[in-house]
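So you can see what is in the structure, the chains are spelled out below.
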Amino acid sequence: MDKLRIAVVGAGLIGQRHIEMIKASRLCVLSAIVDPSTGAVAYAKMQGVPIYTSLDALFEHTKPAGVILATPNQMHVEQGMACIAAGVPALVEKPVAHSLEAGLALQAATEASGVKMMVGHHRQHGSVMAKAVEVIQSGALGRVVAIVGTMLIYKAETEGYFDGAYTWRREPGAGPVMINMIHEIGNLRALAGDITEVHAFASNGTRGFAVEDTAVMNFRFASGALGTFALSDTAATDRNWEHTSGEDVFRYAKAHTESDDCYLVSGTWGTLAVPTMRLQRYLKDEDRSWHKALQKSQIKPDVINPLAAQIEHFCDVIRGTCEPRVTVRDGVQNLRVVDAILQSARTGQSVKIAG
Ligand SMILES: NC(=O)c1ccc[n+]([C@@H]2O[C@H](COP(=O)([O-])OP(=O)(O)OC[C@H]3O[C@@H](n4cnc5c(N)ncnc54)[C@H](O)[C@@H]3O)[C@@H](O)[C@H]2O)c1
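How each quantity is defined
- Residues numbered from 1 in each chain as written.
- Predicted model: local features only at pLDDT ≥ 70, side-chain atom pairs only at ≥ 80, totals over all residues.
- Heavy atoms only, no water.
- Helix = DSSP H or I, 4+ residues; strand = E, 2+ residues; numbered from the N terminus.
- Rg over C-alpha atoms; globule rule 2.2 N^0.38 Å.
- Buried < 20%, exposed > 50% of the residue type's maximum accessible area, 1.4 Å probe, protein only.
- Contact = heavy atoms within 4.5 Å.
- Areas by Shrake-Rupley, 256 points an atom, 1.4 Å probe, with all protein chains shown as cover.
- Lys, Arg positive; Asp, Glu negative; His and termini not counted.
- Charge placed at Lys NZ, Arg CZ, Asp CG, Glu CD.
- 1 Å grid on protein atoms, 1.4 Å probe; cavity = no way out; pocket = protein on both sides within 12 Å on 5 of 7 lines; lining within 4 Å.
- Points joined across faces, edges and corners; volume = space filled by probe spheres on them.
- Domains from an automatic or database assignment.
- Arc of directions from axis to C-beta.
- Salt bridge = Lys/Arg side-chain N within 4 Å of Asp/Glu carboxyl O.
- Phe/Tyr/Trp six-rings, centres within 6.5 Å; stacked < 30°, edge-to-face > 60°.
- Lys NZ or Arg CZ within 6 Å of the ring centre and 35° of its normal.
- Near = heavy atom within 4 Å.
- Polar contact = N/O pair within 3.5 Å; in protein donor to acceptor, adjacent residues only side chain to side chain.
- Nonpolar A, V, L, I, M, F, W, Y, C, P; charged D, E, K, R; others polar.

A.B. asks: Please clarify how the overall build of the chain should be interpreted in this entry.
C.D. replies: Helices and strands together make up the secondary structure of the chain, namely 10 helices and 15 strands. What you see for the chain is a C-alpha radius of gyration of 21 Å, in line with the 20 Å of a compact globule of 355 residues. Based on the C-alpha atoms only, the size of the chain along its principal axes is roughly 70 × 50 × 40 Å. Evaluated residue by residue, the chain yields a buried proportion of 54% over its 355 residues. In the chain, the share of contacts with a sequence separation of at least 24, taken over all contacts with a separation of at least 6, comes to 65%. Accessible area of the chain: about 15600 Å², with a carbon and sulfur share of 53%. Across the chain, the centroid of the 34 positively charged side chains sits 4 Å from that of the 36 negatively charged ones.

See the structure below:
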């Protein structure tokens, strides 16, 4: 089978990781890079592929089998629309859009066109989330009643992450709720179903950017379960998915230790700590008492690289052998929750979320 030709739009932090995954894949090859920055010229030369300064210029020259949109959030919808107009399947990085309104426009255009489009919530392609979902769906926890989670991480201001070409990360449409919490929302919805109401506090008191650096959030799920979550990109700890899951997509310092978790999913029969997958539960109804010992076990899966699995899935989607696991509609539903978080933080009111 011929390898699919994939172009990457935006050769920055995540774009370069996608390029590594494409180059390692049996199913596809890198066909071109689209990036207007001067640094990208040398990078494309190193990769041995042509470079274009805009998506329009790429499409004027050639139509690849698929494109990956790894550009700043504020460009996703405009570029997604260009892919639809060109009839080229796309993997759009998360968040699917910089605003709910823009996301809904992309959802409508995608569904009307039939052009294949998926959203880069890559954790949904990993073995850690798959195992956690399997345990919960097996009924081992009984009815899920509460989830506690953290996305606490320290992004250094001294490493250029917020400066120069990257100041978009300080602006509305970005910020850790949009950039990071959206991944957590994808996970929370996979673990416990749809979120119907949010109450949040946010603060920019440490960095002083236009966007928050810290937020705390309470969630109500459609199932009746409740959740609480702390997020900060200026908190010095490894209590976050990137450091604890072992997926190590961004090759952070190997801070992973076998004993750290970032989620606790608790039900009427048992509790699962994620990602260590330590499970404690009652085995018999007559043992279900706070006076009785819980049975303990651990069911950790082999960790795979979810970005690599996502690329393989994208190739299958392009070939038409499966439907996107994370559709634009899913991405928009995650965005709805994030939008509600920001609205609640702004107004001080709880916000209900439409389905
Ligand atoms: N899946 C993940 O875990 C993950 C991780 C990081 C970032 N992201 C998402 O990926 C996107 C990019 O984030 P990043 O951190 O890699 O950003 P980045 O700033 O490091 O890279 C963005 C790249 O896009 C290029 N660019 C700017 N305008 C462009 C245009 N009009 N056409 C083509 N290229 C253009 C920039 O020159 C830069 O190289 C964001 O939406 C972000 O939320 C996802």
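A.B. asks: I keep staring at the layout of surface pockets and nothing clicks. Help me out?
C.D. replies: The method is simple in principle: a probe with the dimensions of a water molecule rolls over the atoms, and the space it marks as empty is what remains. The computed volume of the second largest pocket comes to approximately 350 Å³. What lines the second largest pocket is a set of 19 residues, among which Pro172, Val211, Glu212, Leu342 and Arg346 lie closest to the centre. For the lining of the second largest pocket, the secondary-structure elements that each account for two or more residues are strand E8 (195-203) and helix H10 (328-347). The dominant element in the lining of the second largest pocket, judged by the number of residues it contributes, is H10, at six residues. When residues of the lining of the second largest pocket are assigned to domains, at least three map to each of domain 1 (4-123 + 307-326) and domain 2 (126-303 + 336-352).

A.B. asks: Just to check I follow, could you spell out helix H2 (residues 39-47) for this structure?
C.D. replies: For an α-helix, the turn length of 3.6 residues means that residues three or four places apart are oriented alike. Buried within H2 are the following residues: Ala40, Tyr43, Ala44 and Gln47. Down the axis, H2 shows its buried residues gathered within 100° of arc, on one side only. Opposite its buried face, H2 presents the exposed residues Ala42, Lys45 and Met46, each directed more than 90 degrees away. Where H2 terminates, the next one or two residues include Gly48, which has phi positive at roughly 75°.

A.B. asks: Could you clarify how one ought to interpret helix H6 (residues 127-137) in this entry?
C.D. replies: All buried positions along H6 are accounted for by Ser127, Val128, Met129, Ala132, Val133, Val135 and Ile136. On its buried side, H6 packs onto strand E7 (144-152), helix H7 (175-192), helix H8 (241-244), strand E11 (263-267), strand E12 (270-274) and strand E13 (278-281).

A.B. asks: Please clarify how the pattern of salt bridges should be interpreted in this entry.
C.D. replies: A side chain with one charge can pair with a side chain of the opposite charge if their charged atoms come near. Counting across every chain of the model gives 18 salt bridges. Glu312 is the partner of Arg26 in a salt bridge, and the nearest nitrogen-oxygen pair spans 3.2 Å. Here the residue Arg26 occupies a position in the loop between helix H1 (13-24) and strand E2 (28-34), and Glu312 occupies one in helix H9 (residues 306-319), the gap between them amounting to 286 residues. Given the relative accessible area of 62%, Arg26 is considered exposed. Through salt bridges with shared partners, one network takes in Lys155, Glu157, Arg207 and Asp233.

A.B. asks: How should the packing of aromatic side chains be read in this particular structure?
C.D. replies: Both the distance between ring centres and the angle between the ring planes are used here to describe each pair of aromatic rings. According to the stated counting rule, one finds four aromatic pairs in the structure shown. Among the aromatic residues, those joined into a ring-pair cluster are Tyr161, Phe162 and Phe209. Above the plane of the ring of Tyr161 lies Arg169, whose end atom (NZ or CZ) is 3.8 Å from the centre.

A.B. asks: Please explain the site of the ligand as it appears in this structure.
C.D. replies: Around the ligand sit 27 residues, and of these Asp35, Asn73, His76, Lys94 and Arg169 come closest. Interatomic distance of 3.0 Å between a backbone N/O atom of Leu13 and an oxygen atom of the ligand. Thr71 is positioned such that a nitrogen or oxygen atom in its backbone is 3.2 Å from an oxygen atom of the ligand. Burial of the ligand by the surrounding chains reaches 89%, relative to a free accessible area of 840 Å². Elements represented by at least two residues in the shell around the ligand include exactly H1 and helix H4 (76-86). Here the shell around the ligand is built from residues that sort into 13 nonpolar, 10 polar and four charged.

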